[in-house]
Amino acid sequence: MSAAPLAPENKRIDAVGTAASCEASLTSQVSGASPLSDASASAELHAAASSLRRKASSPTTLVIDVGTSSMRGILFDVEGHALAQHQVRYQPRYGKPGQVEQPASDFSDALVAICSHVAITTSEAGAPIDLIAMTAQRSSVIAVDASGEALIDFLMWQDTRTAGICERLAPHAARIFELSGTRVNTVFSGGKMAWIRENLPEIYARTKRLANIPEYLMHLMCGTWRTDHTYGSRSNLMNIRTREWDEELLKLFGVEQGKLCELAEPGSVIGHLTDSFAAATGLTAGTPVVSAGGDQQCGAVGQGVTSSGRFSVVLGTGAFPETTCDEAPEALRDDVIVNAACLAGRYTLEANVPTCCSAFDWFRREFYPGDMSFAELGGRLEAAYAAGVHAVVEPHFQGRGTPVWDPSARAGFSNISLSTTRDELLCALLLGIFREVKLNLDSFARYVELADGRVSGGLTQTHVVNQMLADSLGMPLTRLDDAESTARGALISTLVGQGIYNSADDAFDATCGDGASETFTPER
């Protein structure tokens, strides 16, 4: 019997919460921080308003970026200047093996706090918010009743209790991939919906909608149940070519289409702010709300992956290569993931290497005791790389992702001699990860001709890491000096979708083109 859900916290903000709770949230940039005094909070808002008055150019877009560990709101003008911002942190709850959940109120409270903060800033500056756009993590699922009330906590994308369902669907894996563009996987939302139906039948019977986080939040804002194709493509339930819910896939997973949201193109208006949400936050009723697309798709566009031939690699907890193409490729192999892009009508090829920074952090913690700075560690890496690396590491600490898909794979260290140093082993670990990235890009190259890439993530702060990756891939890489690529990608999706710019290339040049960058060309 699968583990029961963690008990929900009934903190949902009705339409959407009280003014008092909104104002309390404004006192700190992150939850858990010490509240600011009224005077310091007022001074902060006044300074932000003064800056906004100097910079704003219409139209302005408030981008809500819903991440795994925090939610950010950034107000951009049409030229990509960040005029105001606010962040609220939260974290999921880990229960029994495989169980990862989070109360809906974590997200609704954060949304109201962010919108209220930005509303105060823009009101003082006398500046409007013309559009609101949302990008978010893609595959977490909640069940809600006919009134929109959460019946359970979100089953987060990391929750793996759907493993049994995935195993049961294995005989249909080829057909599911052919139709949806994605293999059956515990991450995707369709399996989580099936898990709710099978394990929580009384909840399922009361369920009006099965929704992910952005769908739930946009419903709170607008009262509509609509979503975009980027989220549909992370469900195993949407036909990747027709971009509609697929009857055969729905039957395989046992999910009723009537419980799903209406699909729309990314970058399109999902609805308009209701009077009740406007009253709770100070925003203007009737403001258009745009679904800009999933966070990974927006992150790639914010890195400049706006047309075929360019790819991005995010070196985060794992390593995530991505590129874009005009159509869903024919004769697909299941060593790639095909998703709808955040640019209307386009597609992305995605891949994942499960461990990157997580493996680096593990090695650093176990083999470099004490507080060695990243600068010193970077110097050691540079020296070891220059001296030559003979050790070999297979970096499968949490199984192997694309292109092989082997959850049972484990890491291995080989070709080690008595002269091998920890610095060489750390170099070998990174090179092993980069070999996996190269294998995935080779899979992409069967469908898209790749020329150059963009790299981002925490490890890219170290020069030698970027050079090692460029050498491993045999292609030039550019690192943009901008940590907000996901929010900027959502901005680009919105501005193009609303006809403010003619193309994503034009929008990127106008909103991101002036940023500092550094390019690394292969040297080996």
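What counts, and where the lines are drawn
Residues numbered from 1 in each chain as written. Predicted model: local features only at pLDDT ≥ 70, side-chain atom pairs only at ≥ 80, totals over all residues. Heavy atoms only, no water. Buried < 20%, exposed > 50% of the residue type's maximum accessible area, 1.4 Å probe, protein only. Helix = DSSP H or I, 4+ residues; strand = E, 2+ residues; numbered from the N terminus. Contact = heavy atoms within 4.5 Å. 1 Å grid on protein atoms, 1.4 Å probe; cavity = no way out; pocket = protein on both sides within 12 Å on 5 of 7 lines; lining within 4 Å. Points joined across faces, edges and corners; volume = space filled by probe spheres on them. Disulfide = S-S within 2.5 Å. Pairing = 2+ DSSP bridges. Axes fitted to C-alpha atoms, helices over the stretch in contact; angles between N-to-C directions.

> What is the right way to read helix H6 (residues 189–199) from this model?
Structural remark: α-helix, 3.6 residues per turn; residues separated by three or four positions point the same way. Burial of H6 is extensive: 9 of the 11 residues sit out of reach of the surface. Burial in H6 covers these residues: Ser189, Gly190, Gly191, Lys192, Met193, Ala194, Trp195, Ile196 and Asn199. The inward-facing, buried residues of H6 abut strand S8 (154–155), helix H4 (163–168), helix H7 (201–206), strand S9 (209–211) and helix H10 (247–253).

> It is not clear to me how the layout of surface pockets should be interpreted in this structure. Could you clarify?
If a probe the size of a water molecule is rolled over the atoms, the empty space left behind becomes visible. In this model, the second largest pocket occupies a volume close to 300 Å³. Forming the boundary of the second largest pocket are 21 residues, of which Thr511, Cys512, Gly513, Asp514 and Gly515 lie nearest the centre. Going through the elements one at a time, strand S23 (477–480), helix H17 (485–497) and helix H18 (504–512) are the ones with two or more residues in the lining of the second largest pocket. It is H18 that provides the largest number of residues to the lining of the second largest pocket, a total of 4 residues.

> When you look at the state of the cysteines in this model, what are you seeing that I'm missing?
Every disulfide links exactly two cysteines, by a covalent bond between their sulfur atoms. What the rule picks out here adds up to 0 disulfides. Note on Cys357: no disulfide assigned, nearest cysteine sulfur contributed by Cys356 at a separation of 4.8 Å.

> Sorry if this is basic, but what is going on with the environment of Ala211 here?
Tracing the backbone through its elements, the reader meets Ala211 in strand S9. Distance from Ala211 to Trp225, taken between C-alpha atoms, is 8.6 Å for residues 14 residues apart in sequence. Apart from residues no more than four positions distant in its own chain, Ala211 is found in contact with Ser140, Val141, Ile142, Phe154, Tyr216 and Trp225.

> Would you mind showing me how to read the sheet that holds strand S18 (residues 337–340) here?
Think of a sheet as strands paired side by side through backbone hydrogen bonds, with each pair either parallel or antiparallel. A sheet is described by the order of its strands in space; here 7 strands give the open sequence S18-S19-S17-S16-S22-S23-S24, paired in mixed fashion. The strands lining the two open edges of the sheet, one partner per strand, are S18 and strand S24 (517–520). Averaged over all pairs of adjacent strands, the angle between their axes in this sheet comes to 25 degrees, without regard to strand direction. Relative to strand S19 (residues 347–350), strand S17 (residues 319–325) runs antiparallel, the two sharing 4 bridges. Bridging across to S19, Thr324 finds its partner in Thr348.

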